[in-house]
Amino acid sequence: MLDKPTLRKKYKELRKSLSDEAIDDMSLQIANQALKLPIWDKTNYHIFLTITGKQEVNTEYLLHILQGKDKSIIVPKAEFSSGEMKNILLQENTALKTSEYGIPEPVSGIEVPAEIIDVVFVPLLAYDKKGNRIGYGKGFYDRFLNKCKTTAVFIGLSFFDAESEIPYENTDIPLDYCVTPKGTQSFK
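What you see as residue numbers is a count from 1 along each chain, following the sequence as written. This being a predicted model, a pLDDT of at least 70 is required before a residue's local features are given, and a value of 80 or more before pairs of side-chain atoms are given or counted; all residues contribute to the totals for chains, interfaces and linings. By convention in this description, side-chain values take in all heavy atoms of the structure and omit both hydrogens and water.

1. Topic: a negative patch on the surface
Here's step 1: The patches described consist of residues with a relative accessible area above 30% and no salt bridge, like charges being joined within 9 Å and nonpolar side chains (Val, Leu, Ile, Met, Phe, Trp, Tyr) within 5 Å. Note that accessible areas follow from Shrake-Rupley with a 1.4 Å probe, and for residues the cover is restricted to the protein chains shown. Whenever a carboxyl oxygen of Asp or Glu lies within 4 Å of a side-chain nitrogen of Lys or Arg, that contact is scored as a salt bridge. The charge count treats Lys and Arg as positive and Asp and Glu as negative. His and the chain ends do not count. The atoms used to mark charge sites are NZ of Lys, CZ of Arg, CG of Asp and CD of Glu. Where like charges cluster on the molecular surface, the negative patch consists of Asp20, Glu21, Asp24, Asp25 and Glu60.
Here's step 2: Runs of E in the DSSP output that reach at least two residues are strands. Runs of H or I that reach at least four are helices, and both are numbered from the N terminus. Considering each element in turn, the negative patch owes the most residues, four residues, to helix H2 (residues 20-34).
Here's step 3: With respect to the element layout, Asp20 can be found in helix H2.

Pasting the structure below:
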């Protein structure tokens, strides 16, 4: 089993090898696969905004689906000083600005408590067959997911297949599903 720093490096390099066209094509496939999940009867959806410099899954396609289904869309705003994440309701007039860390974030807006969020689309670098995930290592999502209600559904988005096993700690929150261009995996 590879350690977390090695896995982070491996998946950052794999992402860098993808063309912009491949990222867009696979992101659209991921959005179409996500439509098969049993989550669309929910109300409040938290979704990360894509950091293009990190070759992340383009969440624009999922955003369009959520808007088309008239769902409440909540986006993160990272507070690096505290290590916490605020959850801001995305509205038509919500101004977005790229932070000093390259993260598109709302400038301001209505803060939403984590306890009312039904579904969270979670960014990741790697995940395994049990639903464990590795992010960028700052712990923002694990702290946030820990505050969500027990019925909230956590969905990873990945261009790649699962590792057989990755290291995890007690503070790591596992996924319920992961969506790839090829399909969805359930860890429930």
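2. What to know about the packing of H2 against helix H3 (residues 60-68)
How two helices pack is summed up by the angle between their axes together with the distance between the axes.
Here's step 1: Where H2 contacts H3, the axes come no closer than 8 Å and their chain directions differ by 35°. Residues Asp24, Ser27, Leu28, Ala31 and Ala34 of H2 pack against Tyr61, Leu62 and Ile65 of H3.
Here's step 2: Classes in brief: Ala, Val, Leu, Ile, Met, Phe, Trp, Tyr, Cys and Pro nonpolar; Asp, Glu, Lys and Arg charged; the others, Gly included, polar. In the contact of H2 with H3, the residues fall into six nonpolar, one polar and one charged. Axis definition: a line fitted to C-alpha atoms, over the contacting stretch in the case of helices. Angles run 0 to 180 degrees between N-to-C directions. Whether two residues are in contact is decided by their heavy atoms: any pair within 4.5 Å suffices.

3. Here's the deal with the layout of surface pockets
Here's step 1: Taken as a whole, the largest pocket spans an internal volume of roughly 640 Å³.
Here's step 2: The class makeup of the residues in the lining of the largest pocket is 15 nonpolar, four polar and twelve charged.
Here's step 3: Using only the protein atoms, space was sampled on a 1 Å grid; points where a 1.4 Å probe fits but cannot get out form cavities, open sets with protein on both sides within 12 Å along at least five of seven lines form pockets, and lining residues are those with an atom within 4 Å of a point. Grid points are joined across faces, edges and corners, and a volume is the space filled by probe spheres set on the points. Its boundaries defined by the atoms lining it, the second largest pocket holds a volume of some 290 Å³.
Here's step 4: If one sorts the elements of the lining of the second largest pocket by residue count, H2 sits on top with three residues.

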